[in-house]
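# Coordinate analysis (summary)
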Amino acid sequence: GESVGLHLPTLSVQEGDNSIINCAYSNSASDYFIWYKQESGKGPQFIIDIRSNMDKRQGQRVTVLLNKTVKHLSLQIAATQPGDSAVYFCAEGDTGGGNKLTFGTGTQLKVEL
Amino acid sequence: NAGVTQTPKFQVLKTGQSMTLQCAQDMNHNSMYWYRQDPGMGLRLIYYSASEGTTDKGEVPNGYNVSRLNKREFSLRLESAAPSQTSVYFCASSPRAGGSGEQYFGPGTRLTVT
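In short, a report on the structure. (Residues numbered from 1 in each chain as written. Chains lettered and ligands numbered in written order. Predicted model: local features only at pLDDT ≥ 70, side-chain atom pairs only at ≥ 80, totals over all residues. Heavy atoms only, no water.)

Right, let's get into the environment of A:Gly43. In this fold, A:Gly43 is placed in the loop between strand 4 (32–38) and strand 5 (45–51). When its relative accessible area of 14% is taken as the criterion, A:Gly43 is described as buried. Sequence-distant contacts of A:Gly43, that is, excluding residues within four places in its chain, are made with A:Lys37, A:Gln38, B:Phe90, B:Phe105, B:Gly106 and B:Pro107. (Helix = DSSP H or I, 4+ residues; strand = E, 2+ residues; numbered from the N terminus. Buried < 20%, exposed > 50% of the residue type's maximum accessible area, 1.4 Å probe, protein only. Contact = heavy atoms within 4.5 Å.)

If you want it as structure tokens, here you go:
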């Protein structure tokens, strides 16, 4: 079956360092990818998205990179802050498929002071 | 705006009991979704409604039913709860079906079935 997965279940970084969270996807029909942040006890919160016709997209302190050749997605967080501590999920979607998303299992980001 | 709201926040059921989880959004979104999240796992789609008047099964629909009451409200019903349905349930909405995939999530309902 199709799947979206993450390479690292837990990532610990020092405050101020850059964080990189990785994600692999396997559905070649996916043309839309999203990163969500989920803090403890809360619902997922949109961070950034990217379409398959792009390789890179930047937001505020975040960058998403898409490598379609190897079906790999990454989220880069610059100057990681304590408030960035959360679980990060990637999700893939097929915009021709009813706007449904398939979520990965998540990576716990821990920011150490 | 409140965004996506869910009630209740917490619920404990005995096996075999029924209940309805309520979800409402005030963003005039067309599409709404129900997910479940189990410990250490991502979200899995239960049912979704691409537009008012339509509903479709997601990845894990067994044991659930849904109703898209109107554009704002999308409820999830458990007819006969089972311990395997212990989970956190999230409702989400999206501006349009088949387009941008950004979904806005509610705070979740934590359900325990004993």
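Let us now look at the pairing of strand 9 (residues 87–94) of chain B. All names here are of chain B. Along strand 9, eight of the eight residues are buried, which leaves the element largely enclosed by surrounding structure. The two faces of strand 9 match: Ser87, Tyr89, Cys91 and Ser93 on one face and Val88, Phe90, Ala92 and Ser94 on the other face are all buried. The sheet contact formed by strand 4 (residues 31–37) and strand 9 spans seven bridges and is antiparallel. Its bridge partner lying in strand 9, Gln37 is registered against Val88. Where strand 9 lies against strand 11 (residues 109–113), three bridges are found, and the strand directions are antiparallel. Of the residues in strand 11, the one forming a bridge with Val88 is Arg110. Here strand 9 pairs with strand 10 (residues 104–105) via two bridges, running antiparallel. The partner of Ser93 across the bridge, within strand 10, is Tyr104. (Pairing = 2+ DSSP bridges.)

Residue and element names in this part refer to chain A. Summarising the element assignment, Leu65 is placed in strand 7 (residues 62–67). When its relative accessible area of 27% is taken as the criterion, Leu65 is described as partly exposed. Expressed as a C-alpha distance, the spacing of Leu65 and Ile77, which sit 12 residues apart in the sequence, is 12 Å. Beyond its immediate sequence surroundings of up to four residues, Leu65 is in contact with Asp55, Lys56, His72, Leu73, Ser74 and Gln76.

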